[in-house]
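# Observations on chain architecture
Take a look at the letters that make up each chain.
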Amino acid sequence: MAALLNPALSLSSSSQFLGQPIRPPPSSSPPPSPHCSAFLSVRAGPYTDELIKTAKSVASPGRGILAMDESNATCGKRLASIGLENTEVNRQAYRELLITTPGIGAYISGAILFEETLYQSTTAAKRFVDCLKEQNIVPGIKVDKGLVPLVGSNDESWCQGLDGLASRTAEYYKQGARFAKWRTVISIPAGPSELAVQEAAWGLARYAAISQDNGLVPIVEPEILLDGEHGIERTLAVSEKVWSEVFYFLAKNNVTYEGILLKPSMVTPGAECKERASPEAVAKFTLTMLKRRIPPAVPGIMFLSGGQSEVEATLNLNAMNQSPNPWHVSFSYARALQNTVLKTWKGQRENVEKAQKALLVRARANSLAQLGKYSAEGEDEEAKEGMFVKQYSY
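Residues numbered from 1 in each chain as written. Predicted model: local features only at pLDDT ≥ 70, side-chain atom pairs only at ≥ 80, totals over all residues. Heavy atoms only, no water.

### Description of the overall build of the protein
Basically, it comes down to this: Starting at the N terminus, helices and strands are each numbered in turn, a helix being any DSSP run of H or I of at least four residues and a strand any DSSP run of E of at least two. Only protein chains enter the accessibility calculation, which uses a 1.4 Å probe; a residue is then buried when its area is under 20% of its type maximum, exposed when over 50%, and partly exposed in between. In what follows, a contact means two residues having at least one pair of non-hydrogen atoms within 4.5 Å. What sets the accessible areas is the Shrake-Rupley method with a 1.4 Å probe; for residues, cover comes only from the shown protein chains.
Regarding its fold elements, the protein presents 13 helices and 12 strands. Residues classed as buried in the protein amount to 54% of the 394 residues present. Long-range contacts, defined here as pairs at least 24 residues apart, represent 79% of the contacts in the protein between residues at least 6 apart. A total of about 18200 Å² of accessible surface is found on the protein, and carbon and sulfur atoms cover 54% of it.

### Description of the pattern of salt bridges
It is possible for side chains bearing opposite charge to pair when their charged atoms get close. Put simply, the rule is: Whenever a carboxyl oxygen of Asp or Glu lies within 4 Å of a side-chain nitrogen of Lys or Arg, that contact is scored as a salt bridge.
Enumeration over the complete set of coordinates arrives at 16 salt bridges. The residue Arg91 makes a salt bridge to Glu116 at a minimum N-O spacing of 2.8 Å. Here Glu116 lies in helix α5 (residues 115-118) and Arg91 lies in helix α4 (residues 88-99), a separation of 25 residues in the sequence. Neither Arg91 nor Glu116 differs from the other in exposure class; each is buried. Salt-bridge contacts for Lys142 lead to Asp144; the nearest nitrogen and oxygen are separated by 3.0 Å. A single burial state applies to Lys142 and to Asp144, both of which are buried.

### Focus on the confidence of the model for the protein
The condition that has to hold: The pLDDT value tells you how sure the predictor is about a given residue, anywhere from 0 up to 100.
Predicted confidence across the protein gives a mean pLDDT of 89, with 85% of residues reaching 70 or more. Low pLDDT, under 50, characterises residues 1-41; the stretch is placed with 19 contacts to residues that sit more than four places away or in other chains.

### Comments concerning the pairing of strand β11 (residues 300-303)
Under the convention used in this document: In short, DSSP must find at least two bridges between two strands for them to pair. Orient the strands so they point away from the viewer, and a crossover whose first-strand-to-second-strand path over the helix runs clockwise is right-handed.
Going residue by residue along β11, you find Gly300 and Met302 tucked away on one face and Ile301 and Phe303 tucked away on the opposite face as well. As paired elements, strand β10 (residues 261-262) and β11 share two bridges and run parallel to each other. By the bridge assignment, Leu262 is partnered in β11 with Ile301. This β-α-β element, β10 to helix α10 (residues 279-293) to β11, shows right-handed connectivity. Relative to strand β12 (residues 328-333), β11 runs parallel, the two sharing four bridges. Following the sheet pairing, Ile301 is matched in β12 by Val329.

### Focus: the environment of Val148
For Val148, the location among the structural elements is in strand β6 (residues 147-149). Other than its neighbours up to four places away in sequence, Val148 contacts Glu156, Ser157, Trp158 and Gln160.

### Brief notes about the packing of helix α12 (residues 335-345) against helix α13 (residues 352-370)
Here is the rule: Comment: axis = line fitted to C-alpha atoms, over the contacting stretch for helices; angle = value between 0 and 180 degrees taken between N-to-C directions. Between 65 and 115 degrees an angle is taken as roughly perpendicular, under 35 as roughly parallel, over 145 as roughly antiparallel, and anywhere else as oblique. Should the near helix be turned anticlockwise from the far one by less than a right angle, the crossing is left-handed, and should it be turned clockwise, the crossing is right-handed. Throughout, the ten residues Ala, Val, Leu, Ile, Met, Phe, Trp, Tyr, Cys and Pro are labelled nonpolar, Asp, Glu, Lys and Arg are labelled charged, and all others, Gly among them, are labelled polar.
Between α12 and α13, the shortest axis-to-axis distance is 8 Å and the interhelical angle comes to 160°. Taken together, the axes of α12 and α13 are roughly antiparallel relative to one another. Crossing geometry of α12 relative to α13 is assigned as right-handed. Here Ala336, Leu337, Thr340, Val341, Thr344 and Trp345 of α12 come into contact with α13, specifically with Val352, Lys354, Ala355, Ala358, Leu359, Arg362, Ala363 and Asn366. Split into classes, the residues belonging to the contact of α12 with α13 amount to nine nonpolar, three polar and two charged.

### Regarding the pairing of strand β3 (residues 64-68)
Burial of β3 is extensive: five of the five residues sit out of reach of the surface. As paired strands, β3 and β12 are joined by two bridges and run parallel to one another. Residue pairing for β12: Leu66 is matched across the bridge by Tyr333.

### Some details on α13
The condition is simple: To estimate how far a helix should reach, multiply one less than its number of residues by 1.5 Å.
In this model α13 runs 27 Å from its N-terminal to its C-terminal C-alpha over 19 residues, within 8% of the 27 Å that 1.5 Å per residue would give. Buried residues along α13 sit against α4, β4 (108-113), α11 (310-320), β12 and α12. With its phi angle positive at about 75°, Gly372 sits one or two positions after the end of α13.

As structure tokens, then:
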């Protein structure tokens, strides 16, 4: 017993502990080859070819994703900003405006829907899903169940929704969805803690594997919030750590990289940092992170705007596409596509066409940015206003 309490005791100095061997006996046979089947884990599910085709379709030149998957509560806040009540009729009217915009398919390749929207139709009884498909836009679906406090962390969150996900994604596929979205968040001012990073990465990996098993291309989105006074170098370090963990667990869960899409935050200073970064600096730091952490097998990087102004998000995307990248570098914007649209519509039927033209303006601007051909000349001053909200929830 005294030996057990002796801190100088080295387990490596003995081949036995409490009478039991602590090292395997030497073997005369060589270790198995790394190329032996025992080291291989090949996953080829029934949807693999379709997943790869879908991901490539979304990641097509000059196009990106319209994120319109706000929860009913968040959509209610948007409607309240123009004096409308949060009713299903008003939510349906606004989303019909977006989905039925003539010509939007030239710039938008995918649309992320909230569950309510996936099952809705136009006032003319045409399914929203069919409206999207007619414009060659892939329907997607938000599948997470939101953020809740992460016990044992630095007041951080984790994303719930794995329970019942297999059955839900199977039903969404039947309804016409072909990709999925799961948003979790990382807070830099809160640390982030090792617990929060690993929880986010593991949840994303399990979600991705389950989605692929049911025919949906998973968008992998660990949003690194803009909150904080930190500089761009700190954001880079945290981003590298987060994406390293994410891909470690994606591999552990046998996720097919060619059948996923990523939705990262751009590498920027914190929203309250006094030293701002130019589009060129944002592009440099963001592409550095991507090249260090993201395999070229991934077909598409669809950035979130995260509270940047409409013009800022477009300028930063444009700067990242000034030279060829290993992946399709594009957008998956919500507020950065919709802010002007909502203000133009004002809930009035006579403003629908004008609001749809505003959507086309923003969609075309980001299409040009994806091609590296955007110029901010002639942009409205309102489009340059930031939309950052502290601890933003979807």
